[in-house]
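# A look at the structure
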Amino acid sequence: MAQMTSRERLLTALAKGVPDRLPATVHQWQPYHLERYMGGIDTLDAFQECGLDAVIQYFEAMGQFWVPGKVESKRYSDEWYDEVEIVNDDPEWMIVHHTIHTPKGTLTYKTEGNRYTVWITEFMIKKPEDIYLLKYMPVPKLDKNAIRKEYDRIGDRGILKGFVWGDQAGCWQHACVLYDTAPMIYAAMDDPAWVHEFLHILLEKKLQFIYESLRGAKFDLIETGGGASSSTVISPKMFEEFCLPYDKKIHDALHDVGHIASYHTCGGMLGLFDLIIATNTDCSETLAPKGVGGNIEGSELYEAMHGKVALIGGLDQYNILTNGTPEQVKQEVHRLFEIYGKGGGYIMMPADHFFDAPKENLLAYGEAVRECIY
């Protein structure tokens, strides 16, 4: 087979086809790693330097209101004013308090963060009636000209990936970020009608985003889902009631505006194979192994899902890519290729973020995938 460009290779795998060799990428290359280990180079250059296929995430205006970074008070609309108090601006331990002003009341939440990541210390929804204030939460509109420029900049070196608006793309997953995961699980048992009302409020906004901003936007792939739908978090029965109906509507809407979807479960997928397929997604990620808190080992996932959806992920980003030797990285790449790569339709990717992976391990990753020829 003639050698493909990275773009051709990735798109062939996403269409469940057989490319020239194993496509391989990373999940959201972190600024921390680029600065500390890659000499501060651009994400696209980092992919090329390591011999990997670029999947560039486009985050602009995705509506992640709780993420600090360069955070300041902002009026998102006449009905949603985010008043910010920076309690501590130390990048090693940032503390930010938010007060959201709406016409019918206020919401508050708090975050902390460091150079690696951000976490929520106080959740926005505290009592059942708070969800009705979410009707004032604005749905951002993407700059489609800026998206096209980024798409053109990437060219044949890879693809451009977008997201469904929200702190998490899926409705259940977004609700868990706003209310917290354990309380959501309790509410699903005690007051499922309220949970469905909550999810419908979020679904309406996500569908609005899809039809207003993603229609005509130059993306190759749209990420959906989120970790809270994993079977290490909720049961298959809960997934079927509180994730499947909403995720399917999101995926159907994405197809309606001409996009393909990759459903993200950064944790457990065991017991969910048929349910994930039933969401009408085009791809399933991240095939997380036990070593990083998932429950996928061996070929059971491949046997259940290959040919029905494209598969993305599988590489242990902590025990192998970060703490392994270059030779161990290469061995694992070949092992995963034997499990998931048969018949194409597979893109190798670390199951989640890495922060301190040595550059030599990433170079070994890139070398190994070039040996995985179809």
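Residues numbered from 1 in each chain as written. Predicted model: local features only at pLDDT ≥ 70, side-chain atom pairs only at ≥ 80, totals over all residues. Heavy atoms only, no water.

## Considering the packing of aromatic side chains
The full count for this structure, using the stated rule, is 12 aromatic pairs. Taken together, a centroid distance of 5.1 Å and an interplanar angle of 90 degrees make the contact between Trp29 and Phe47 edge-to-face. Separated by 18 residues along the polypeptide, Trp29 in the loop between α1 (6-14) and α2 (31-37) and Phe47 in helix α3 (residues 43-50) bring together distant segments of the chain. Consider the rings of Trp29 and Phe354, whose centres lie 5.9 Å apart with planes at 70 degrees: the pair is edge-to-face. Here Phe354 lies in the loop between β12 (346-350) and α13 (359-369) and Trp29 lies in the loop between α1 and α2, a separation of 325 residues in the sequence. In this pair, the class of Trp29 matches that of Phe354, namely buried. Among the aromatic side chains, those forming a connected cluster through ring pairs are Trp29, Phe47 and Phe354. Its guanidinium or amino end placed over the ring of Tyr302, Lys342 lies 5.0 Å from that ring's centre, counting from NZ or CZ. (Phe/Tyr/Trp six-rings, centres within 6.5 Å; stacked < 30°, edge-to-face > 60°. Helix = DSSP H or I, 4+ residues; strand = E, 2+ residues; numbered from the N terminus. Buried < 20%, exposed > 50% of the residue type's maximum accessible area, 1.4 Å probe, protein only. Lys NZ or Arg CZ within 6 Å of the ring centre and 35° of its normal.)

## Comments concerning the pairing of strand β4 (residues 94-102)
Pairing of strand β3 (residues 80-88) with β4 involves 7 bridges; the strand directions are antiparallel. Note that in β4 the partner of Glu85 across the bridge is His97. Connecting the antiparallel pair β3 and β4 is a turn made up of 5 residues. Two elements, β4 and strand β5 (residues 105-113), share 9 bridges in a ladder whose sense is antiparallel. (Pairing = 2+ DSSP bridges.)

## Quick look at the sheet that holds β3
With antiparallel pairing, the 5 strands of this open sheet are ordered in space as β2-β3-β4-β5-β6. If you trace the sheet from one side to the other, it starts and ends with β2 (74-77) and β6 (118-122), each paired once. Across the sheet, the mean angle from the axis of one strand to that of its neighbour is 25 degrees, orientation sign disregarded. (Axes fitted to C-alpha atoms, helices over the stretch in contact; angles between N-to-C directions.)

## As for the side chain of Glu112
Tracing the backbone shows Glu112 in strand β5. Look at Glu112: it is buried, it has no salt bridge, and the nearest opposite charge is Lys110 at 8.5 Å. Reaching out from Glu112, the side chain makes a polar contact with the side chain of Trp93 at a distance of 2.8 Å. Once residues within four sequence positions are removed from consideration, Glu112 is found in contact with Trp93, Met94, Ile95, Val118, Trp119 and Thr121. (Lys, Arg positive; Asp, Glu negative; His and termini not counted. Salt bridge = Lys/Arg side-chain N within 4 Å of Asp/Glu carboxyl O. Polar contact = N/O pair within 3.5 Å; in protein donor to acceptor, adjacent residues only side chain to side chain. Contact = heavy atoms within 4.5 Å.)

## Concerning the side chain of Thr102
Topologically, Thr102 is positioned in strand β4. Polar side-chain contacts of Thr102 include one of 2.7 Å to the backbone oxygen of Gly105. Contact partners of Thr102, with chain neighbours within four places excluded, come to Glu79, Trp80, Leu133 and Tyr136.

## A closer look at the sheet that holds strand β8 (residues 221-225)
Across the sheet, which stays open at both edges, the 7 strands sit in the order β1-β7-β8-β9-β10-β11-β12 with parallel pairing between neighbours. If you trace the sheet from one side to the other, it starts and ends with β1 (54-57) and β12, each paired once. Taken over all neighbouring pairs, the strand axes of this sheet differ in orientation by 30 degrees on average, direction set aside. As judged from the 3 bridges shared by strand β7 (residues 158-163) and β8, these two strands associate in the parallel manner. Of the residues in β8, the one forming a bridge with Gly162 is Ile222.

## Considering the domain arrangement of the protein chain
Looking at the protein chain, the domain boundaries give domain 1 (6-65 + 140-371) and domain 2 (66-139). On a C-alpha basis, the centroid separation for the pair domain 1 and domain 2 is 25 Å. At the interface, 24 residues of domain 1 touch 22 residues of domain 2. For the pair domain 1 and domain 2, the two sides together bury roughly 2,200 Å², of which 67% comes from carbon and sulfur. The interface formed by domain 1 and domain 2 contains 9 residue pairs in polar contact (both at pLDDT 80 or more). The element that contributes the greatest number of residues to the side of domain 1 that touches domain 2 is helix α7 (residues 192-214), accounting for 8 residues. Of the residues contributing to the side of domain 1 that touches domain 2, the split by class is 14 nonpolar, 4 polar and 6 charged. (Domains from an automatic or database assignment. Buried area = accessible area lost by both parts, 1.4 Å probe. Nonpolar A, V, L, I, M, F, W, Y, C, P; charged D, E, K, R; others polar.)

## Quick word on unusual backbone geometry
Excluding glycine, residues mostly carry a negative phi; peptide bonds, for their part, are mostly trans. A cis amide bond, omega 20 degrees, links Glu285 with the succeeding residue Thr286. Relative to the helices and strands, Thr286 resides in strand β10 (residues 283-286). We note that Gln28 has phi near 50 degrees; this positive angle belongs to a residue other than glycine. Mapped onto the secondary structure, Gln28 falls in the loop between α1 and α2. Taking relative accessible area as the criterion, Gln28 reaches 14% and is therefore assigned buried.

## Examining the environment of Gln48
Residue position: Gln48 is located in helix α3. Residue classification places Gln48 among the partly exposed residues on the basis of a relative accessible area of 45%. Gln48 sits 109 residues away from Arg157 along the chain, and the two C-alpha atoms are 7.9 Å apart. Reaching out from Gln48, the side chain makes a polar contact with the side chain of Arg157 at a distance of 3.4 Å.

## Topic: the environment of Tyr37
In this structure, Tyr37 sits in helix α2. Sequence spacing of Tyr37 and Phe355 is 318 residues, and the spatial spacing of their C-alpha atoms is 9.1 Å. The contact partners of Tyr37, leaving out residues within four places of it in the chain, are Tyr32, Phe355, Asp356, Ala357 and Lys359. At 2.6 Å, the side chain of Tyr37 and the side chain of Asp356 are in polar contact.

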